[in-house]
Amino acid sequence: MTRDSNNCSLITLLLFFLLLISITNYFRFRNIELYLTSSTNSDSSDVVAHYQQESIKQLRKNALLTAENDRKILFNASRLTNNQDFYRKVVEEAYCAQKERIGEKGDGGKYVCNPKKVKKNCTLISSGLNNQIGFDKHIYEATGRQCKILGADIYQQEQPTRDAYEQMNGELFAAKIPNEITIPQILEKTGRIDVEFLKIDIEKGEFTALEPLIKDYFVCQIFIEIHGLPSDHLRMLQIIAKCVSLFLFIF
Ligand SMILES: *[C@@H]1O[C@H](CO)[C@@H](O)[C@H](O)[C@H]1NC(C)=O
Ligand SMILES: *[C@@H]1O[C@H](CO)[C@@H](O)[C@H](O)[C@H]1NC(C)=O
């Protein structure tokens, strides 16, 4: 593994931590992002250096002061029934210099942070395929055709989907997650250790499938379709924040 690829992972790792830690702490990251994007001396690729600037540390301290109130506001919003209103209260907190739209324009597409800067031979997981693999093909290309893509769906996929996966040298699993197979089991079967990108759209299975994975495995970026009311969304964000803070110590 080159030092360069280590750095790349470190950067995305850092972004991920920031996003998730802030879900528990709610420091106002928007100011920090504004600062970063308007910063004149910016080599925006060197995110780690940006985060070490004194001015950023100060912004973060200030943001922490409003954390408690932000948390209350979000909790209040989680008692409403409208998910859009809830997400309006979620402050964007991670800075990503290079966001790329991967997959279809509308539903199914995702913004991915720095897909070209993945670790060599990384692992991509796509769960809940339903024969729609626009994202899968695109992310496989965008990460330089060198990552292993693992797809899963409750039903066996149609021939064109299977062919496309074979062309990508990927592997398909036909079983219900997490009841019939868990994501850690998929990793074990394929001998993979950590996950660069996880896409998860498994009709409420996310509430039980994600925690065992992120508790024990490192996952760099998660793209998740969360079902249910704002209170369910808050619960999911709390699960993620809880597990990821454990990784902080390793980091
Ligand atoms: C949350 O809701 C309660 C009761 O509806 C209200 O008293 C409180 O001011 C709200 N808090 C925030 C931070 O909006
Ligand atoms: C890719 O990673 C897998 C799992 O960690 C490993 O078994 C395999 O040898 C690696 N392949 C290359 C080309 O490095």
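Residues numbered from 1 in each chain as written. Chains lettered and ligands numbered in written order. Predicted model: local features only at pLDDT ≥ 70, side-chain atom pairs only at ≥ 80, totals over all residues. Heavy atoms only, no water.

As named in an unreviewed UniProt entry, the protein is Methyltransferase FkbM domain-containing protein, taken from Caenorhabditis remanei.

*Asks:* I keep staring at the site of ligand 2 and nothing clicks. Help me out?
*Replies:* In the vicinity of ligand 2, the contacting residues are Asn121, Gly191 and Arg192. Separating an oxygen atom of ligand 2 from a side-chain N or O atom of Asn121 is a distance of 2.3 Å. Surface burial for ligand 2 is 32%, taken as the share of its 360 Å² of free accessible area covered by protein chains. (Near = heavy atom within 4 Å. Polar contact = N/O pair within 3.5 Å; in protein donor to acceptor, adjacent residues only side chain to side chain. Areas by Shrake-Rupley, 256 points an atom, 1.4 Å probe, with all protein chains shown as cover.)

*Asks:* What's the story with helix H8 (residues 159-167) in this structure? I'm lost.
*Replies:* Since the α-helix packs 3.6 residues into each turn, any two residues three or four apart lie on the same face. The complete set of buried residues in H8 reads Thr161, Ala164 and Tyr165. Along the axis of H8, the buried positions cluster into a sector of 100°, meaning they face one direction only. Looking at H8, the residues exposed on the side facing more than 90 degrees away from the buried face are Pro160, Glu166 and Gln167. Tucked into the core, H8 has its buried residues touching strand S3 (123-127), helix H7 (134-142), strand S4 (148-153) and strand S5 (171-174). Where H8 terminates, the next one or two residues include Asn169, which has phi positive at roughly 60°. (Buried < 20%, exposed > 50% of the residue type's maximum accessible area, 1.4 Å probe, protein only. Helix = DSSP H or I, 4+ residues; strand = E, 2+ residues; numbered from the N terminus. Arc of directions from axis to C-beta. Contact = heavy atoms within 4.5 Å.)

*Asks:* Mind showing me how you'd approach the nonpolar core here?
*Replies:* Within soluble globular proteins, side chains that are nonpolar generally end up buried alongside one another. In this structure, Ile177 and Leu198 are the most contacted members of the largest nonpolar core, which totals 26 residues. Elements with a contribution of two residues or more to this core: S4, helix H9 (183-190), strand S6 (195-200), helix H10 (206-216), strand S7 (219-224) and helix H11 (230-250). Counting residues per element, this core draws most heavily on H10, which supplies 5 residues. Apart from residues lying up to four places away in sequence, Ile177 is in contact with Ser127, Ala152, Ile183, Ile186, Ile202, Gly205 and Ala209. Membership of the second largest hydrophobic core comes to 18 residues, among which are Ile139, Cys147, Ile149 and Tyr165. (Core = buried A, V, L, I, M, F, W, Y, C linked by side-chain atoms within 4.5 Å.)

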